[in-house]
Structures are given as C-alpha cells and as structure tokens.
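Residue-level structure breakdown
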Amino acid sequence: MIDFDHEYQMTINGGLTTSDTKIEVYNPATKSVIASVPDATKEQLDAAVIAARNAFPEWSRTPLAQRQADLIKIAEAIEENAEELIALLTREQGKPRAGAEWEIYGSALWFREIAKQTLNDEIVEESDARRVITRFSPLGVVGAIAPWNFPVLLAVWKIAPALLTGNTILLKPSPYTPLCSLKLGEICRGILPPGVLSVVTGGDELGKWMTTHPGIDKIAFTGHTDTGKHVMRSAAGTLKRLTLELGGNDPAIVLPDVDPKVIASQLFWAAFQNNGQFCNATKRLYVHEHVYDEILDAMVEYAKSVKIGNGADPSTQLGPIQNGAQYAKVIEYIDDCKKHGLRFAIGGEVDAHARGWFIPITLVDNPPEDSRIVSEEPFGPILPILKWSDEEDVIARANKSQYGLGASVWGKDLDAVERIGSQLQAGTVWLNEIHQYSPHQAFGGHKESGLGCENSLHGLMEYTNWQTITLNKQVGF
Ligand code: NAD
C-alpha cells in the first residue's frame with residue numbers, strides 16, 4: 001500500500017527534519033497540491049554542511065570495499081521500494097509508468113555498476129632510486145543540485161560516484177520534484193552513517209547558498225545553461241570544483257537511404273521521450289529532401305497514435321509538462337511559430353481548459369534555420385523538422401549552436417553515417433541509435449552544454465583531487 005499522505009522531511013545528519021516554511025508540490029496531470037516539503041533555512045543548510053564535514057574523515061578512510069558494499073545496499077533498498085518510488089515519481093513528475101520504471105530501476109543499476117569502479121593509483125616511476133605515484137583522493141563535501149526532468153537518476157549520477165570516492169554529499173532536488181529525493185534520503189538513513197548523505201529541500205535561493213558556501217568543496221550541477229553560468233560565477237569565490245551538465249539542442253541527421261515508415265517511430269521517440277523534457281531529446285531533425293515528405297507524413301501518422309494523459313493511467317504514453325512555468329514557456333514557442341507564419345504538420349493548438357499542463361504533440365514543417373524553435377531549447381513536445389540536401393551544409397547547420405550535448409545520425413550507408421557523425425560537435429554522438437547511456441560511458445556537454453563529465457572513470461575522477469607523491473629512496477642525509 002503506497003502512503004501518499006507521508007510527511008516528507010529532510011535528512012540532515014542522519015535525522016529527519018522539517019522547517020516552518022514549506023513548498024507546495026503539484027501533480028502536473030491535475031494541477032493539484034499533493035504534498036508540501038520543507039523550505040530549508042540557511043541555518044539548516046549550515047547544519048547539513050557541518051554534519052557532512054564531520055562525517056568526512058571517517059567515511060573517506062572507510063575501506064573502498066565497505067563503501068562499495070554500501071552502494072549495493074542502496075541499490076537493493078531502491079529495488080525493495082521500487083513500486084512506491086515509481087508511483088511517486090509519476091505523481092510528482094508526470095512521466096508515465098514506463099519512464100518512471102526506467103528511471104527508478106536505472107537508479108538501482110547505477111549504484112550497482114558504479115560500485116564496481118575503482119580509481120587505482122598510477123605508478124609513474126618505480127625504480128631502486130625513486131617511486132612516483134599519482135593517487136586520487138576525495139574532495140570533501142559535495143553539493144549536488146538536480147533538475148526536475150529526471151530527478152532521481154540525475155541525483156544518483158552524483159551521489160554514487162561521490163560516495164564511492166569517499167566524499168560526503170548534500171543533495172538539493174528541484175523544488176518542483178523533491179519527493180522521491182526526500183524518500184531516497186530516508187531510505188539511505190538505515191545504510192549510511194549520519195552526515196554522509198543529507199537531502200535538503202528549498203528553492204533556487206538554497207542552490208545559491210550552496211554554491212557560495214565555504215564548507216562545500218564541489219558543486220555537481222544539472223540544469224539550464226544560464227543557471228550553470230550563475231553557478232560557475234558564484235562558485236568562483238571559493239574556487240569550488242564543478243561539474244556542469246547543462247542544456248542542449250541536439251540535432252539528428254537522417255540520410256536519404258532510410259525506410260521512412262520503419263524509422264518514423266524511432267525518430268519520434270528520439271524527440272518526444274519524457275515529453276521532450278529531456279536534455280538529450282532530438283530538438284532539430286534534419287531530414288534529407290528525398291525522404292522528407294514521407295518521413296514527415298509517417299511521423300504525423302505515428303503521433304496520432306500516441307496517447308497523452310495522466311501518467312498514472314497505464315495506457316498513457318506521454319504525460320503532462322512538469323510545471324506551470326515550463327508549460328508557459330512551451331506555449332511561448334508555439335505562439336512564436338504562429339507569429340512568424342510557420343506551418344504545423346500536427347498540433348499547435350493548446351487546450352487551455354485541460355485539467356493538467358498538457359501540450360499536444362507539435363511538429364513544425366521546415367522552419368527557417370534562425371527561428372527560435374530551431375535555435376533555442378524549448379524543452380517540450382514540439383519539434384522542428386528541417387530539409388537538407390548537401391552533406392557539408394547540414395553538418396555546418398547541425399554544429400551552428402551554442403550547445404554541444406548530443407547528436408545522432410541515421411542511415412544505411414554506414415560509411416556516410418560515421419563520416420558525418422565524426423564531424424559533429426557534441427559530447428555524445430549516437431549512430432543509428434539514441435539515448436543509450438551507461439555508468440561506464442562518459443557523458444557530458446561540449447561548448448555551452450557543460451563542463452566536465454559524469455559516469456565512467458572520467459566522471460569518477462571529477463570527485464577527486466589528483467595528488468602526486470614522490471619518494472627518493474636513496475636517502476643520503
Ligand atoms: P534549472 O537550471 O532551472 O534548475 C536546476 C536546479 O538548479 C534546481 O534544483 C534549481 O532549484 C537550482 N537553481 C536554480 N537557480 C540556481 C542558482 N542561481 N544557483 C544554484 N542553483 C540554482 O533547470 P531545470 O528547469 O530544473 O532543468 C531543465 C534544464 O536542465 C534544461 O536546460 C535541460 O537541458 C537541462 N538538463 C541537462 C542535463 C544534462 O545532463 N546535460 C540533464 C537534464 C537536464
């Protein structure tokens with residue numbers, strides 16, 4: 001039985017804590033308030049930071065095997081609580097069951113797989129005269145700041161490597177989607193020593209306090225590019241380490257040799273997974289002119305078959321927009337298309353009386369390259385489809401963006417696919433597939449899509465300071 005009336009509290013120093021002021025949390029499918037969570041005060045943040053600093057010496061000295069075992073226990077606890085977390089995630093985020101399942105079981109998988117990683121000392125020299133090694137030591141206290149689109153998984157991408165490498169961590173979820181994170185904090189209380197993982201909730205102000213806090217050594221942030229720039233500026237005062245996972249405007253390039261009817265559904269989900277509220281959603285679809293009309297028609301037909309609704313209904317494939325502010329932003333893009341006389345192949349009419357924040361699937365037919373819908377990140381179920389004919393030109397168009405998060409190329413001619421893919425400026429380039437992630441595969445953005453990376457040993461290293469230790473073995477004094 002899932003207890004939706006649960007009182008959600010922050011985990012600070014191993015205890016549960018609330019606050020006098022609260023933030024209301026909505027179900028985006030109904031616009032109704034489903035819970036209220038603490039709005040942490042500065043003093044509560046200080047208490048969480050002190051607890052994390054106090055817990056750090058012992059946690060960082062805990063043998064790696066023990067920390068790995070604790071990560072696996074967290075994975076097991078997530079699996080034991082999976083049904084509750086999946087239902088809760090749908091309620092607070094809006095995503096339908098399949099997406100919520102992927103995220104919750106994916107979070108457990110991430111803990112298990114990150115637990116297998118180790119950063120061995122690098123032996124630079126080992127001779128009779130000298131030993132030189134570079135080792136990777138934990139940073140101290142990490143502040144993790146998460147967005148609302150994949151609130152659990154993107155928090156786990158920070159928690160698991162931070163803990164494995166011996167850091168302690170405070171998580172601040174988005175004020176729009178704090179419930180699963182608070183629940184995760186509660187679950188981990190039985191596994192981790194007090195102060196090793198705290199979960200604090202609050203608005204953007206709490207995020208700002210974290211980025212300037214002298215007791216926090218690193219900020220691991222996922223969110224908008226503009227917010228990322230604020231974070232970088234604020235963190236400069238204390239020279240915190242940073243990992244920034246920011247916005248994207250991922251292009252997909254489709255070659256003329258594809259079968260339009262077969263590929264249409266894959267291209268559809270490349271763009272509309274998580275209702276387009278996805279950093280790596282295809283946000284510009286470049287289709288070769290020979291197959292353009294057929295692909296557009298096939299995608300329109302496919303879109304008509306997709307069921308939009310409350311994610312709690314098992315037949316729903318696309319849920320609502322997660323919050324009112326984002327809903328207004330997506331409508332602004334639709335209105336901008338209308339203002340400039342762009343043609344919708346489907347969608348474009350929003351039912352303002354709908355019970356939740358619902359936007360219809362909207363395909364924009366060959367808009368100009370400089371229109372807002374092409375050059376910006378709408379973060380909703382609206383996709384521009386653009387024609388191309390010249391390979392060099394389409395590569396230049398794909399790369400003409402401040403962003404460089406992901407990209408994909410689709411075609412039967414594998415030489416052409418690889419040739420084009422190798423010229424795209426993005427952290428991840430998928431060829432004839434998309435959205436394949438792994439705890440062992442580096443993920444991050446080029447250009448204004450980010451700084452540093454998550455996952456893999458490269459991501460793990462970002463939670464450490466490298467330290468070179470030299471020993472002169474021939475002591476002559
Ligand atoms: P957002 O930037 O509005 O908020 C993200 C988090 O930052 C929230 O917890 C928020 O409270 C906090 N925050 C806001 N202002 C802050 C400040 N000045 N200082 C510190 N913290 C602050 O982003 P969002 O709307 O939650 O998420 C959507 C964005 O995230 C999109 O641009 C999307 O592309 C991006 N995103 C990127 C990735 C990636 O891995 N690159 C993944 C998911 C989402």
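The following refers to the structure shown. (Residues numbered from 1 in each chain as written. Predicted model: local features only at pLDDT ≥ 70, side-chain atom pairs only at ≥ 80, totals over all residues. Heavy atoms only, no water.)

Tallying secondary structure elements over the chain gives 15 helices and 22 strands in all. Residues counted as buried form 58% of the 477 residues belonging to the chain. Sequence-distant contacts, at least 24 apart, represent 73% of the contacts inside the chain between residues at least 6 apart. Total accessible area on the chain is roughly 19600 Å²; 51% of this is exposed by carbon and sulfur atoms. A gap of 4 Å separates the mean positions of the 43 positive and 60 negative side-chain charges of the chain. (Helix = DSSP H or I, 4+ residues; strand = E, 2+ residues; numbered from the N terminus. Buried < 20%, exposed > 50% of the residue type's maximum accessible area, 1.4 Å probe, protein only. Contact = heavy atoms within 4.5 Å. Areas by Shrake-Rupley, 256 points an atom, 1.4 Å probe, with all protein chains shown as cover. Lys, Arg positive; Asp, Glu negative; His and termini not counted. Charge placed at Lys NZ, Arg CZ, Asp CG, Glu CD.)

What follows concerns the layout of surface pockets. Empty space among the atoms becomes apparent when a probe as large as a water molecule is rolled across them. Approximately 980 Å³ is the volume found for the largest pocket. Lining of the largest pocket is provided by 39 residues; of these, Asp204, Phe221, Gly223, His224 and Thr227 occupy positions nearest its centre. Of all the elements in the fold, those that place two or more residues in the lining of the largest pocket are α7 (204-212), β10 (218-222), α8 (225-236) and α11 (324-339). Broken down by element, the lining of the largest pocket gets its largest block of residues, six residues, from α8. Split by residue class, the lining of the largest pocket holds 15 nonpolar, 16 polar and eight charged. When its volume is computed, the second largest pocket comes out at roughly 430 Å³. Lining the second largest pocket are 23 residues, and of these Ala98, Gly99, Trp102, Gln273 and Asn274 lie nearest its centre. Top contributing element to the lining of the second largest pocket by residue count: helix α4 (residues 97-114), with four residues. (1 Å grid on protein atoms, 1.4 Å probe; cavity = no way out; pocket = protein on both sides within 12 Å on 5 of 7 lines; lining within 4 Å. Points joined across faces, edges and corners; volume = space filled by probe spheres on them. Nonpolar A, V, L, I, M, F, W, Y, C, P; charged D, E, K, R; others polar.)

Below, the discussion takes up the packing of aromatic side chains. Inspection of every chain in the model, using the stated rule, returns 14 aromatic pairs. Judged by centre distance (6.1 Å) and plane angle (70 degrees), the rings of tryptophan 102 and phenylalanine 150 are edge-to-face. Note that tryptophan 102 is positioned in helix α4 and phenylalanine 150 in the loop between β7 (141-145) and α5 (153-164), a separation of 48 residues in sequence. Ring centres of phenylalanine 268 and tryptophan 269 lie 5.0 Å apart, and the angle between their planes is 85 degrees; this geometry places the pair in the edge-to-face category. Each member of the pair, phenylalanine 268 as well as tryptophan 269, carries the same accessibility label: buried. Ring pairing ties together the aromatic residues Trp102, Trp110, Phe150, Trp157, Phe278, Trp430, Tyr437 and Phe443, which thus form one cluster. (Phe/Tyr/Trp six-rings, centres within 6.5 Å; stacked < 30°, edge-to-face > 60°.)

The immediate surroundings of the ligand are formed by 29 residues, with Ala146, Asp204, Thr227, Leu246 and Glu377 found nearest. In this structure, alanine 146 approaches the ligand through a main-chain N or O atom, which is 2.7 Å from an oxygen atom. At a separation of 2.8 Å, an oxygen atom of the ligand approaches a polar side-chain atom of lysine 172. Across the complex, the protein chains shield 94% of the 850 Å² of accessible surface that the ligand would expose by itself. Structurally, the ligand is housed in the largest pocket. Going through the elements one at a time, α7, β10 and α8 are the ones with two or more residues in the shell around the ligand. Looking at the shell around the ligand residue by residue, the classes come out as 14 nonpolar, ten polar and five charged. (Near = heavy atom within 4 Å. Polar contact = N/O pair within 3.5 Å; in protein donor to acceptor, adjacent residues only side chain to side chain. Sits in = over half its atoms within 2 Å of the grid points.)

Here helix α3 (residues 82-93) crosses helix α6 (residues 179-189) at 155 degrees, and the two axes come no closer than 9 Å. Between α3 and α6, the crossing angle belongs to the class labelled roughly antiparallel. Of the residues in α6, those touching α3 at Glu84, Leu85, Leu88, Leu89 and Glu92 are Leu179, Cys180, Lys183 and Ile187. Class assignment of the residues belonging to the contact of α3 with α6 gives a composition of six nonpolar, no polar and three charged. (Axes fitted to C-alpha atoms, helices over the stretch in contact; angles between N-to-C directions. Parallel < 35°, antiparallel > 145°, perpendicular 65-115°, else oblique.)

Attention shifts here to the side chain of threonine 282. Here threonine 282 shows up in strand β13 (residues 282-288). Apart from the residues within four sequence positions on either side, threonine 282 is in contact with Asp250, Ala252, Ala270, Ala271, Leu383, Ser408 and Ile434.

Moving on to empty space enclosed by the protein. Inspection of every chain in the model, using the stated rule, returns five cavities of 30 Å³ or more. Counted as a void, the largest cavity has a volume near 130 Å³. Around the largest cavity, the lining is made up of 15 residues, and of these Leu154, Trp157, Phe278, Cys279 and Tyr437 lie nearest the centre. Of the residues forming the lining of the largest cavity, the biggest block, three residues, is contributed by α5. A class-by-class count of the residues in the lining of the largest cavity yields eleven nonpolar, two polar and two charged. One number sums up the size of the second largest cavity: a volume of about 70 Å³.

Here we take up the sheet that holds β13. Pairing is mixed in the open sheet, where seven strands are placed in the order β14-β15-β16-β13-β12-β18-β19. In this open sheet, the two strands that pair with only one neighbour each are β14 (343-346) and β19 (428-431). Averaged over neighbouring strand pairs, the angle between their axes works out to 25 degrees when direction is ignored. Of the strand pairs in this sheet, strand β18 (residues 406-410) and β19 are connected by four bridges, and their pairing is parallel. Residue pairing for β19: alanine 407 is matched across the bridge by valine 429. (Pairing = 2+ DSSP bridges.)

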